Amino acid sequence: MKKLIIVNALIWAAVIFIASYLYNGSENYQYLLGALAVGAILSNGFIYNLLQSKK
């Protein structure tokens, strides 16, 4: 089950890297990266809590 969390984290990392490359010159660049970071943290947290509740 840890593989699911690792795969999810790698996907989020790829999305963050791609978005940071594409939106580097944008004026709302900081907010986009912050929102993506919060989304990654929340999704990994929800998956972790779901896996813990199944044990």
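Our subject is the structure that appears above.
Computed from a prediction, not measured in an experiment: that's the story for all the values here.

Novice: Now, about the side chain of Asn8: what can you tell me, with residues and values included?
Specialist: With respect to the element layout, Asn8 can be found in helix 1 (residues 2-22). Judged by its relative accessible area of 14%, Asn8 is buried. Contact partners of Asn8, with chain neighbours within four places excluded, come to Ser43, Asn44 and Ile47.

Novice: Give a detailed account of helix 1, specifying residues and quantitative values.
Specialist: Here helix 1 is 21 residues long and its end C-alpha atoms lie 30 Å apart, about the 30 Å a rise of 1.5 Å per residue gives. Those residues of helix 1 that fall on the buried side of the exposure criterion are Asn8, Ala19 and Ser20. When helix 1 is viewed along its axis, its buried side chains cluster within an angular range of 105 degrees and face the same direction. Opposite its buried face, helix 1 presents the exposed residues Lys2, Lys3, Ile6, Leu10, Ile11, Phe17, Ile18 and Tyr21, each directed more than 90 degrees away. Residues of helix 1 that are buried sit in contact with helix 2 (29-53).

Novice: Describe in detail the environment of Leu33, supporting the description with residues and values.
Specialist: When you line up the elements, Leu33 lands in helix 2. Residue Leu33 is classed as partly exposed on the basis of its relative accessible area, which comes to 22%. The spatial distance from the C-alpha of Leu33 to the C-alpha of Tyr23 is 9.4 Å, given a sequence separation of 10 residues. Contact partners of Leu33, with chain neighbours within four places excluded, come to Ile16 and Ser20.

Novice: I'd like a rundown of helix 2, residues and numbers included.
Specialist: With 25 residues, helix 2 should cover 36 Å at 1.5 Å per step; its first-to-last C-alpha distance of 36 Å lies within 8% of that length. Listing the buried residues of helix 2 in full gives Leu36, Gly39, Ala40, Ser43, Ile47 and Leu51. Looking at the buried residues of helix 2, the elements they touch are helix 1.

Parameters at a glance
- Residues numbered from 1 in each chain as written.
- Predicted model: local features only at pLDDT ≥ 70, side-chain atom pairs only at ≥ 80, totals over all residues.
- Heavy atoms only, no water.
- Helix = DSSP H or I, 4+ residues; strand = E, 2+ residues; numbered from the N terminus.
- Buried < 20%, exposed > 50% of the residue type's maximum accessible area, 1.4 Å probe, protein only.
- Contact = heavy atoms within 4.5 Å.
- Expected span 1.5 Å × (residues − 1).
- Arc of directions from axis to C-beta.

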